[in-house]
Amino acid sequence: MVDDVVIRSVDAGSWEDIRTVFGTVGDPSGCWCQWFKLPRSAWDGGTRADKAELLHAQVDAGSPGVLAVLDGEPVGWAAVEPYTAYPSLARSPITRRREDDPADPWAVTCFVVRPEFRRRGIAGALLAGAVGHARDRGATVVEGYPVDPEQRPSLSAAERYHGTVALFRDAGFAVVRRPSATRALMRRGLSSTE
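Some points on the nonpolar core
Counting 28 residues, the largest nonpolar core has Val108, Phe111, Ile122, Leu126, Leu127 and Phe168 as its most contacted members. Listing elements by their share of this core, those giving two or more residues are β2 (65-70), β3 (73-82), β4 (106-113), α5 (122-136), α6 (165-170) and β7 (183-189). Ranked by residues supplied to this core, first place goes to α5 with seven residues. The next biggest cluster of nonpolar side chains, apart from the first, holds 22 residues, and it includes Leu55, Val59, Leu67 and Tyr145.

Thoughts on the sheet that holds strand β6 (residues 174-180)
On the basis of which strands lie adjacent, the open sheet formed by seven strands has the order β1-β2-β3-β4-β5-β7-β6 and mixed pairing. Taken across any chain shown, the strands that pair with only one partner, and hence form the sheet edges, are β1 (5-9) and β6. For this sheet the average axis-to-axis angle between neighbouring strands, irrespective of direction, equals 25°. Taken strand by strand, α5 contacts β1, β2, β3, β4, β5 (141-144) and β7, and its axis lies near 150° from that of β4.

Quick word on the environment of Leu185
Note on placement: Leu185 falls in strand β7. Residues Leu185 and Asp136, spaced 49 residues apart in sequence, show a C-alpha to C-alpha distance of 23 Å. Apart from the residues within four sequence positions on either side, Leu185 is in contact with Ile94, Arg97, Glu143, Gly144, Tyr145, Ala174, Val175, Val176, Arg177 and Pro179.

Re the pairing of β4
The buried fraction of β4 is high, at eight of eight residues. The sheet contact formed by β3 and β4 spans seven bridges and is antiparallel. Within the sheet, the bridge partner assigned to Pro82 lies in β4 and is Trp106.

Calculation rules
Each chain has its residues counted from 1, following the order in which its sequence is written. In view of the model being predicted, local features appear only for residues whose pLDDT reaches at least 70, and side-chain atom pairs are presented and counted only at 80 or more, with totals across whole chains, interfaces and linings using the full set of residues. Hydrogens and water are ignored here; the side-chain numbers use all heavy atoms of the structure. What is meant by a nonpolar core is a set of buried Ala, Val, Leu, Ile, Met, Phe, Trp, Tyr and Cys residues, joined one to another through side-chain atoms within 4.5 Å. Burial classes follow relative accessibility: with a 1.4 Å probe on protein chains only, a residue under 20% of its type's maximum area counts as buried, one over 50% as exposed, and anything between as partly exposed. Starting at the N terminus, helices and strands are each numbered in turn, a helix being any DSSP run of H or I of at least four residues and a strand any DSSP run of E of at least two. Here, strands pair whenever DSSP counts at least two bridges between them. Axis lines are fitted to C-alpha atoms, over the contacting stretch for helices. Their N-to-C directions set the angle, which ranges from 0 to 180 degrees. Contact between two residues is taken to exist if any of their heavy atoms lie within 4.5 Å; hydrogens are not considered.

Structure below.
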């Protein structure tokens, strides 16, 4: 993990830094962490600008994630909120609830690391920050829905936005189930003394 990366919960003053991380090209600039929030029709009908404005409003209304800053430069983002903040999770066979699942754990759904800062441990720092962010807001359980490059080494950087199984395992998460060969549902319980 990068020792000098600073992780902070986002707030209304973070918007320009978030815009820097998401950029203007590639998947992040087209999604703005709305994939799990919008119904499919709204997703398909929304423009990049519409999705950016939705995230902007969500940031102004609360703190839906954490930002990584390295040497004063915003370099990464992780989305983390209660499961119920992401309506699409309940519709996916990968992430929908089962009877023995906690009803509303916090979910780490997305990582964005600027390309020039990848492979430096930023995602690990973001995940640790996301867990702390959730715990500070009363979470007792945090989940992630990572991909497993060990099962499919050809996964592109764009397909790794969920994080990887190894990333979550290294942060103390355990595999709860494997809904597909390349995806896992991973969970970590939190205590107030951590």
